[in-house]
Structure formats: C-alpha cells, structure tokens
Amino acid sequence: MKNYKQIFDELQKETGKIIVGQESIIEQILIAILCDGNALLEGYPGLAKTLMVRTLAQLMDLKFSRIQNTPDLMPSDITGTYIIEESSGKRQFKFQPGPIFANVVLADEINRATPKTQSALLEAMQEKQVTVGTNTFKLDLPFFVLATQNPIEQEGTYPLPEAQADRFLLKISVVYPNYEQELQIVDKYASELKDQKLKVMLNKNHLLTLQGLVRQVPIANDIKQRAVKIVLATRANKEVIQYGASPRASIGMILASKARALIQGRNHVSNEDLNMLAYPILRHRIILNFEAERKGMSKDDAIKNILDKIK
Amino acid sequence: MKQFSNVVKEINKTLNEMILFENIVNTTLVFLVFYLILSVMDFHPLLASIPSLMYLGFYSYMSSKSSKPLIIEGKYAPLREKLRTAADNVGMNNPIAEELEYEVTTEMKNVGLSMFINPKILSYKIFAAIILSFMIIFAATLDLKLLEFARQKVPDIFDTKNLKGVGNFVAVKLNTSEDIYGKNDVAKLGDKELNIRIKPVDFKVNVREDGEATQQEFETVFPKELAVKETVAYEENIPQEQQELVKNYFKKLAEG
C-alpha cells in the first residue's frame, strides 16, 4: 500500500509544478478517476479548473479533449457525425469522431449547453459508448468526463437535470486559494514563463489496474452500514431536504471511500473517508426545500447535520 | 488466510472468557448486596439469586452481542478500524486484504490481556465482596432485623367465631407464638428442662452442646379424677304421654 501512496504523492508533487495548492481538489479528481466515475467541478472563473484537468491527463498519459459548451453547441459536435468522403471517384459516408472520443473529456461550462447537448454526454458517461444514427461506438477505456460550471452568471444557462447530475460521482467545489497560495500563483505566472516539463507518472494500463485494486480495498461492515445510513438519511430528513440521494450515492460513497483509502496508502476504509467524501457525493444529489433555503442553509450544512447525527 | 480466521476465533474466545469472568464478579456483588438487604428485611435471603441471575443473564446476552474487535480497538488505538475491517472480511482473497490481515496479526502481538483487566477496579470489587460477606455474617449472628416485612400476621383461618360444623365439638384456636423455642413448660421433660441452642445461621441443632444422654426413669401415674359417666337414654327425655306416639311413629316408619 505504501507503494501506491508513493505513486499518488508523486502525482500530487508533479501537479504542484503547475497548480498551486488545491491538493484536496486534485485528490478528489483522482478519486473520481480511480472509481471510473465522472466529476463535476464547480467554482468561480479563474481557479484553474481546466488547467488542473489538463495537467492530470498529461501526467497519466491519457488522450485529452476539451469541449467548450455554448448554447448553440449541437450533440453531433460532441459525439461526431457522418461526413461524405470522396475517394477514388466514389462517395461514401464516413464517421468523423467527435471530441468525446478521448480518455479524459473536459466539458467546460457544461451548464451553458442546451439540455439536448448535455444529454448527448449521458450515454458516454454511463455506458462508455456513443450511438450515432444506427451505429454504436465503444469508447476507449479509461474514459472520464470532467465537467466544469460556474456558480455565477446563471442567466442564459441550463442547469443540469437531476438525472444527469446523478451520473457525476462527485461534485467538487473549487475554492479560492489562500493568501500564501495566491502569492505563489502570482510569482509563478506573473514572472518570466518557464516551460514546465511534466513527468508521466501513470499510463492507461496502470490506471486500469489501480481501478481494479480500488474495488478490492476491504471495508468494515459498520462503516458500510454507516454510508448507507447517511444516504438514507437524506431521504428521511424531510425537514430540510425535499429530494434525497439515490442508491447510486451509496455505491459512490463506498467506492470513493475505497479509492481515497488507496490514495492515502491505507488498506482499509475509514470513517474519516466517509466524512470527507459525503459532501462531494451528496451535494448535487439532494434538493433542499423552501424552509431550508429560507433559513439560508446550504446543501453542505444539511449534509453536515446528517453526518453529525450519524456517527 | 486460515491463520487469520484462527486469530479472530482466539480473540472472540479470550474476550468472551474475560467478559464472563467480569460478569461473574459483578453478579457475585449483586448477589451479596441483595442477600444482605433481604436478610435484614427478614425476607428469605436466597431470593437474592433472582436479581443476580437476571443480571448475569442480561449482561451475558449483551456482551455476546457486542463486537469483540471494537472492544480491542477501544483499548489499542493502532488497530482502530483495521481489526474490525479484517475480521469482517475474513476469506477475502486479494493482496490488499491479505496485507491488512498480516498487519493486524503483527499488531495483535502488542495487545496484552492486562489491557482489559483493570486491577484497581477488580481489587475494589473483591474488597467490596469481602466486606459484604462479613456484613452478612454479622447480621446473621446478631440476628439483625431492621424491617420485618416477611413476618406479617398469618391470616386467622382458625378463628373459632367463623367456624361452623355439625355435632357437639369445640374448635380450638391454635396457639401461635413468635418464640421459636416454644413455651418453657412445653420443653419440660420430666423435671428437667432441655437446654437446646439452635444456631440462627444454619438452623442445625448442635447435639454436642447437650452433653451425654442420661437415662431417665419414668413413673406410671394414673389420673386420680378418672371416672366413667353413665350413658343417657334418649327415651327418658320424652314425656310419658308422648312416648307411645313416638313409638308408633317409628314402628310405622320401619314397616313402611
């Protein structure tokens, strides 16, 4: 287990060459990748969300593509389309793959795309395949969608439907850096630009092996039961939560906890993993009621209350 | 893998034995406390076995349900969450689980039995048991009765006023006495009064204290006022003029 911890420590260190701070965010992205899940990054503009994802893709030697979502983006712009190709005087339809055909897909500002376009990502995220016309194309594994969205500038946006939000394993809140970190950012990027060479830490095969290992991490029965109780409590707590999380959240909670244990070099899941991961797993899966909003309660506050109750 | 399942079995066995020992010590204390209370309240002291057995049963059930790995984790922090994870996943065949099992087995060597026995508390309990035992002995020797609930008045079922019967008999009220030795005159045998001492603790008669049995000579004494009373015929009580009528009545009754 110490060897795995060393790998992830090295990965964090390499990421640190480009990204200042945000270790917790990078860890959460890695958790999503190790769980073969997708992550939604929410944060204000300028917090290096895109850079973070691009850097990780580089470190893992994965094919990276970026989709900048706009209201006029069409599903075929994501999935790809058939084009007429002329070769040796003969015209034929040929499939031109879209940016979804990559290992790491960054769907930037996903809430700016129309629901029709957003749903084009659904099949890819869940089934790891794309259907265009009558043909279904398998995506190259490993495959992750890492989407970003801004919590501000909501005008002209299309908030993600619950069904699609549920397909993201984690919703990661990207926060502002502190004073020291921001000072480092200024020093790094406001002076002479240096081309940082990144060392490839993992490859596709390593990643697939690690994904297999995650599922082998043992978990105690009481910790497993606590995870399920936490998810069930989101459905039972009608005082503040209108709609609770689905069983997908329970699966995600266990799997993500196992991935965190692996990253931290532990051979068992801890309650601390649940406490830390309950927020990114549940915050996009619950809908607060009017009473909670009237009180100024955030989703994280509601989750904290549940965690405090279920020890 | 098999080795670790043996470790788990050993943990459960050892902890069950220790919990049982602790429960027995506690039950003994409960028994002694109730025994003392019941004896000074003049109830049958063996009734103390009821709450004691209830205590033993309840705590044995509760401890059988408790998670033994959790008890060990509570005493030895490095095993926190590891031991229960390993115990819950016995039989899981993968390198991570095996590594965990090896780690737990190694750490278990640092767990001593002394961690689960608090000698201070145990000695307090044993000391309390000794004190209680002495108190019971003194209370019994001194026949100490603070409250006498048990010795309530026996319902007067032999009350002669309520007795109804046929015939010419006299109901006799039993003489009940709180004196277990009885009246002095009852215990007289000839001219000598028996000196019997019954120990209140075990209710046994110590024959040795009575000394050697002595041969007593008995005299046959016939009661002086012994007399036979003449029987009375009913006929004599019937008036002369009605005797014939009664005789005929019974005659007809016999014929008919």
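Above this note sits the structure.
The rules behind these values
Residues numbered from 1 in each chain as written. Chains lettered and ligands numbered in written order. Predicted model: local features only at pLDDT ≥ 70, side-chain atom pairs only at ≥ 80, totals over all residues. Heavy atoms only, no water. Helix = DSSP H or I, 4+ residues; strand = E, 2+ residues; numbered from the N terminus. Buried < 20%, exposed > 50% of the residue type's maximum accessible area, 1.4 Å probe, protein only. Areas by Shrake-Rupley, 256 points an atom, 1.4 Å probe, with all protein chains shown as cover. Core = buried A, V, L, I, M, F, W, Y, C linked by side-chain atoms within 4.5 Å. Contact = heavy atoms within 4.5 Å. Salt bridge = Lys/Arg side-chain N within 4 Å of Asp/Glu carboxyl O. Buried area = accessible area lost by both parts, 1.4 Å probe. Polar contact = N/O pair within 3.5 Å; in protein donor to acceptor, adjacent residues only side chain to side chain. Nonpolar A, V, L, I, M, F, W, Y, C, P; charged D, E, K, R; others polar. Phe/Tyr/Trp six-rings, centres within 6.5 Å; stacked < 30°, edge-to-face > 60°. Lys, Arg positive; Asp, Glu negative; His and termini not counted. Pairing = 2+ DSSP bridges. Axes fitted to C-alpha atoms, helices over the stretch in contact; angles between N-to-C directions.

Visitor: Explain the overall build of chain B here, please?
Guide: From N to C terminus, chain B includes seven helices and two strands. When the helices and strands of chain B are listed from N to C terminus, the series reads α-α-α-α-α-α-β-β-α. Per-residue burial for chain B yields a buried fraction of 20% across its 256 residues. When the accessible surface of chain B is split by element, carbon and sulfur atoms take 60% of a total near 21,000 Å².

Visitor: Please clarify how the nonpolar core should be interpreted in this entry.
Guide: Nonpolar side chains tend toward joint burial in soluble globular proteins. Residue and element names in this part refer to chain A. Of all hydrophobic cores here, the largest spans 73 residues; its most connected members are Ile-29, Met-253 and Leu-282. Here the element with the most residues in this core is helix 10 (residues 247-263); it accounts for nine residues. Apart from residues no more than four positions distant in its own chain, Leu-282 is found in contact with Ile-230, Val-231, Thr-234, Ala-245, Ala-249, Met-253 and Ile-303. Among the nonpolar cores identified, the runner-up in size contains 22 residues, and Ile-67, Ala-102, Met-125 and Leu-160 belong to it.

Visitor: Would you explain the pattern of salt bridges in this entry?
Guide: Once the charged atoms of two side chains with opposite charge are near each other, the side chains can pair. Residue and element names in this part refer to chain A. All chains considered together, the criterion is met by 23 salt bridges over all chains. Here Arg-283 makes a salt bridge to Asp-300, at a shortest N to O gap of 3.0 Å. Taken together, the residues span a long stretch of sequence, with Arg-283 in the loop between helix 11 (271-282) and strand 11 (287-288) and Asp-300 in helix 13 (residues 299-309) at a distance of 17 residues. Here Glu-291 and Arg-294 are joined by a salt bridge, their closest N and O atoms 2.7 Å apart. With Glu-291 and Arg-294 both in helix 12 (residues 290-294), this residue pair falls three residues apart, about one helical turn. One network of salt bridges, with partners in common, ties together Glu-27, Arg-260, Arg-266, Glu-272 and Asp-273.

Visitor: Whenever I open this one, the interface of chain A and chain B confuses me. Can you help?
Guide: Each side of the interface is counted separately: chain A has 16 residues, and chain B has 15 residues. Around 1,300 Å² of area is buried between chain A and chain B when both sides are counted, 55% of it from carbon and sulfur atoms. Linking chain A to chain B there are one salt bridge. Of the charged contacts in the structure, one is a salt bridge between Asp-222 of chain A and Arg-84 of chain B, with a shortest N-O distance of 2.4 Å. Run the count over chain A and chain B and you get eight residue pairs in polar contact (both at pLDDT 80 or more). When residues in the side of chain A that touches chain B are grouped by element, the largest group, three residues, is from helix 9 (residues 221-236) of chain A. Looking at the side of chain A that touches chain B residue by residue, the classes come out as nine nonpolar, six polar and one charged.

Visitor: In this structure, what is going on with the packing of aromatic side chains? I would like to understand it.
Guide: Centre distance and the angle of the planes are the two values used to describe a pair of aromatic rings. Overall, the coordinates contain ten aromatic pairs over all chains when judged by the stated rule. Ring geometry for Phe-95 of chain A against Phe-101 of chain A: centres 5.8 Å apart, planes inclined by 70 degrees, an arrangement best described as edge-to-face. Accessibility assignment for this pair places Phe-95 of chain A and Phe-101 of chain A in one class, buried. Relative to Tyr-35 of chain B, the ring of Phe-31 of chain B has its centre 5.7 Å away and its plane inclined at 50 degrees; by these criteria the two rings are tilted. With Phe-31 of chain B and Tyr-35 of chain B both in helix 1 (residues 2-40) and four residues apart, the pair spans about one turn of that helix. A network of ring pairs unites the aromatic residues Tyr-82, Phe-95, Phe-101 and Phe-137 of chain A as a single cluster.

Visitor: Looking at this structure, I do not really get the side chain of Lys-49 of chain A. What am I missing?
Guide: All names here are of chain A. By secondary structure assignment, the location of Lys-49 is in helix 3 (residues 49-59). Summary of buried charges: Lys-49 has no salt-bridge partner, and the nearest side chain of opposite charge, Asp-108, is 6.5 Å away. Polar side-chain contacts of Lys-49 include one of 3.0 Å to the backbone oxygen of Tyr-44. Sequence-distant contacts of Lys-49, that is, excluding residues within four places in its chain, are made with Leu-41, Glu-42, Gly-43, Tyr-44, Thr-148, Gln-149, Asn-150 and Val-174.

Visitor: Any chance you could explain the sheet that holds strand 8 (residues 144-149) of chain A here in plain terms?
Guide: The pairing of strands in a sheet happens through backbone hydrogen bonds and is either parallel or antiparallel. Residue and element names in this part refer to chain A. One open sheet accounts for five strands, arranged 2-5-8-1-9; its pairing is parallel. In the strand order of this sheet, the two ends are held by strand 2 (64-68) and strand 9 (170-174), each with one partner. Direction aside, neighbouring strands of the sheet carry axes that sit 20 degrees apart on average. Of the strand pairs in this sheet, strand 1 (residues 39-43) and strand 8 are connected by four bridges, and their pairing is parallel. Among the inter-strand pairings, Leu-40 is bridged to a residue of strand 8, identified as Ala-147.

Note that every value here comes from positions in space, so none of it alone points to a role or purpose.
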